[in-house]
Amino acid sequence: MKIYLKFTGTFVLTIAILLCCYRDIAFCRQKKITVVFGNGDSVESNNWTFVYHATRRNTVLPKGSSHPILEKSSQNLYLVERYDGKEGKTGAGREKEINIDCKNLSSIEYLWNWNWGNAEKVVIILTDGTKFERLRLGPIAVSFFDDTKLLYGEGIYLECDYSVNNKGKHLKYNLNKWRKGLTPEKDIIKKIIFQ
């Protein structure tokens, strides 16, 4: 009986620790997103992630080849705050990381100048009302990659699965996009709402 109680107590304690460790992940997994496009159409997804791209720049490659892309997924935003004159900040060259837990994300909004075809700014809004205004969503931080030595952040993509007319679809969208070029408004993200 004592062995059974000891085993049961250990099992319950282990489960409790695991639940505490993964409560934030579980919370974010339940978080739904609504993606609003430039033409007003929107899609919803419960199955989404940010996919970060980085390269290792310490290797010499043959002429004409490019560094392989390293990928890592997370529902958190890992960004670098860049200070320069364009963003109205001082201290050019200084950077600091802004790591935003997904449970604190409220929305990411692109303010597009449709006439000129570029984003005027990107606004990240947190659940407490805090706003980060940037020229573009990047640059990204690479600190959450297992080995950050000589890594260069290439970009961040939103990937999600959604359904239209009972047909499953997959979206992979470059969130660093700030020039729309010839891309139609129906394919340009205007806002991502986290619920």
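Presented here is a report on the structure given in the accompanying data block. (Residues numbered from 1 in each chain as written. Predicted model: local features only at pLDDT ≥ 70, side-chain atom pairs only at ≥ 80, totals over all residues. Heavy atoms only, no water.)

**Comments concerning the side chain of Glu159**
Quick reminder of the rule: Secondary structure counts use DSSP, requiring at least four H or I residues in a row for a helix and at least two E residues in a row for a strand, with both numbered from the N terminus. Residue burial is assigned from relative accessible area. The probe radius is 1.4 Å, only protein chains are included, and a residue is buried under 20% of its type maximum, exposed over 50%, and partly exposed in between. His is not counted, nor are the chain ends, whereas Lys and Arg count as positive and Asp and Glu as negative. A pairing counts as a salt bridge when a side-chain nitrogen of Lys or Arg comes within 4 Å of a carboxyl oxygen of Asp or Glu. In protein, a polar contact means a hydrogen-donor-capable atom and an acceptor-capable atom, both N or O and within 3.5 Å, with residues adjacent in sequence counting only if both atoms are side-chain atoms; elsewhere, any N or O pair within 3.5 Å suffices. Whether two residues are in contact is decided by their heavy atoms: any pair within 4.5 Å suffices.
By secondary structure assignment, the location of Glu159 is in strand β10 (residues 151-164). No salt bridge is formed by the buried Glu159; the nearest opposite charge belongs to Lys172, separated by 4.1 Å. Polar contacts involving the side chain of Glu159 include one to the side chain of His170, which spans 3.1 Å. The residues touching Glu159, leaving out its near neighbours within four places in the chain, are Asn47, Trp48, Thr49, Val51, His170, Leu171 and Lys172.

**A look at the sheet that holds strand β11 (residues 167-174)**
Which entries qualify depends on this criterion: By this definition, two strands are paired if DSSP reports at least two bridges between them. Interaxial angles span 0 to 180 degrees and are taken between N-to-C directions of axes, which are lines fitted to C-alpha atoms, for helices over the stretch in contact.
Sheet architecture is open: 4 strands sit in the order β4-β3-β10-β11, paired in antiparallel fashion. Of all the strands in the sheet, just β4 (70-74) and β11 have a single pairing partner and so form its edges. Averaged over all neighbouring strand pairs, the angle between strand axes comes to 25 degrees, with direction disregarded. Summarising the sheet, strand β3 (residues 47-56) and β10 pair through 10 bridges and their orientation is antiparallel. Bridging across to β10, Phe50 finds its partner in Leu158.

**Some thoughts on the sheet that holds strand β2 (residues 42-45)**
Spatially, β2-β1-β12-β7-β8-β9 is the arrangement adopted by the 6 strands of the open sheet, whose pairing is antiparallel. Taken across any chain shown, the strands that pair with only one partner, and hence form the sheet edges, are β2 and β9 (131-134). Direction aside, the axes of adjacent strands within the sheet are offset by 15 degrees on average. In this structure, strand β1 (residues 33-37) lies alongside strand β12 (residues 189-194), joined through 5 bridges in antiparallel fashion.

Keep in mind these numbers describe shape, not what the thing actually does.
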